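# Inside the fold
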Amino acid sequence: MTALNDTFEIIVNGQVISFPIDKPLIANKIRDEVYIYVPLDFCSETLGARVEWEEIGKTLAIHRDGQSVKMRFGDNLAEINDEKIWIGDNLAEIEEGVAFLNYPLPWLRIEEGNIYVLLQMFSRFQGMTIKWEPGGKLLISDATVLALESRPASIINGSIKERAGQEKDILYEEVSRLIDNSGLDRVKEDIKGYLMESVRIRPKRCEEGNIRIGESKIAGIPDLPFTMEWPSVRGRPLSFIAQLNMEELADILPQNELLPAKGWLYFFYDNEEQPWGYQPEHREQWEVLSFDGDPALLERRAFPAMLPDYCRFMPYRLQLAREICIPSIWSLYYQTLKLGWQEQELYRKLEQEIVRLYGDRDEFAPVYRVMGHPGIIQHDMQLECQQVCNGFEPYNFNDPKVAKEYGKAWDWILLMQVDSDESNNGMMWGDCGRLYFWIPRQALREKDFQQVWTILQCY
């Protein structure tokens, strides 16, 4: 065990924290992993946890954001939200029926009279991200704190919730009833404030000739104005993904003030390389084009000769319907709810209830939608869009400069979500993944589709 020197920097949520010399951080390195122990007062004063130490039994309880961890010095059995968990790497000692976490070091230490807690415990159960950088930096970020601090008032107020108080909205009332009955009483009004309208797309396979010129469609070949070129990247044509007739969408969401009220949007993507969207140079590998001119100028464009067969997808005719969505458990919105373990389970049940409300068999059913909350597979994408578009390394939530990006991340909204459906039209994004087309709110209002950012996520 090594005490870290006084040049060691601790950065919490972008702020450099001074550290007492008489209670140094302690580090253990096992193989390539560095384990950091912090004194108890650091947990309470800097990380905002409520700590309870019982000297006689040498028992520690840590409470933070609706979660609790209880442990006793020298004991491998911890209690996490009233559930017994075995902590250690000697699995032969585990009691039958007890869950376990494989850690090579104990979570609790006493050194020179000071009580120390393994910092990695906070990343596992307290919603924090921790990164040790050789050379003197320990980067700690609390996504919940950053998301809450940056959440704009316009998000909190929730336009659907406000409007529902002024006019009858049967769908909102039904979703609101499910939220009221979910058991999430502490946060039910916050959830209602986060509800978003969406155009749910239910595609149906059909022949190209049965789709009218200018009608909304997924895949097939687009109806482009004769002056518009088929987009390409480095001499290779992009795959055509979707065509949206904005008047058809306006009929579904008549009070939406962001989407264009007329015209067409055309979505293209590089199916040959399938960029994930986590590098700035990926920007050239998708395109969203718009046209709001005379429909008589539209022509059904044939596939470019250089477009491979596996990049040509079979056409879908679309059935459009209004849905009201709640945030995904991976989203910035969800993080601000600060749910405890039992509340998290209730939220997942609420998600399933809403899935059934719209007639889907389960949450893994293919989902295509315009606007609303995305069905996230891996992680939140709003901050990722903001990071990559501004030159930051994605997923690095510990960079002090990134903390400043949280406020801007809220401005990114979903433009369109496209699911995999290889057996019906040939689309397969990674391993049964989805494409997400994102755009800043103001850019959508100004019809600046050059600012669209596309992310691929898969299982």
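You'll find the structure just up there.
Residues numbered from 1 in each chain as written. Predicted model: local features only at pLDDT ≥ 70, side-chain atom pairs only at ≥ 80, totals over all residues. Heavy atoms only, no water.

### Brief notes about the packing of aromatic side chains
For the record, the criterion: Stacked, tilted and edge-to-face are the three classes applied to pairs of Phe, Tyr and Trp rings, where Trp contributes its six-membered ring and a pair requires centres within 6.5 Å; stacked means planes under 30 degrees apart, edge-to-face means over 60, and tilted covers the rest. Comment: elements are numbered from the N terminus, with helices defined as DSSP H or I runs of at least four residues and strands as E runs of at least two. Each residue's exposure class comes from its accessible area (1.4 Å probe, protein chains only) as a fraction of the maximum for that residue type: buried when under 20%, exposed when over 50%, partly exposed otherwise.
Evaluation of the coordinates by the stated rule reveals 12 aromatic pairs. Ring centres of Trp 286 and Trp 453 lie 4.9 Å apart, and the angle between their planes is 80°; on these two criteria the pair is classed as edge-to-face. Taken as a pair, Trp 286 in strand S23 (residues 286–291) and Trp 453 in strand S29 (residues 453–457) lie far apart in primary sequence, 167 residues in all. Where Phe 313 meets Trp 429, the ring centres are 5.8 Å apart and the plane angle is 75°; that geometry is what we call edge-to-face. Here the residue Phe 313 occupies a position in the loop between strand S24 (298–300) and strand S25 (316–325), and Trp 429 occupies one in the loop between helix H14 (422–425) and strand S28 (434–440), the gap between them amounting to 116 residues. The exposure class of Trp 429 is buried, given its relative accessible area of 0%.

### Quick word on the pattern of salt bridges
Applied cut-off: Salt bridges are defined by distance alone: a side-chain nitrogen of Lys or Arg within 4 Å of a carboxyl oxygen of Asp or Glu.
The final tally for this structure, using the stated rule, is 30 salt bridges. The shortest N-O distance in the salt bridge between Arg 236 and Asp 270 comes to 2.9 Å. Taken together, the residues Arg 236 in strand S20 (residues 236–237) and Asp 270 in the loop between strand S22 (264–269) and S23 connect sequence positions 34 residues apart. Like Asp 270, Arg 236 is buried. Between Arg 434 and Asp 419 there is a salt bridge whose closest N-O contact spans 2.8 Å. Here Arg 434 is found in strand S28, whereas its partner Asp 419 is found in strand S27 (residues 412–419), with 15 residues between them in sequence.

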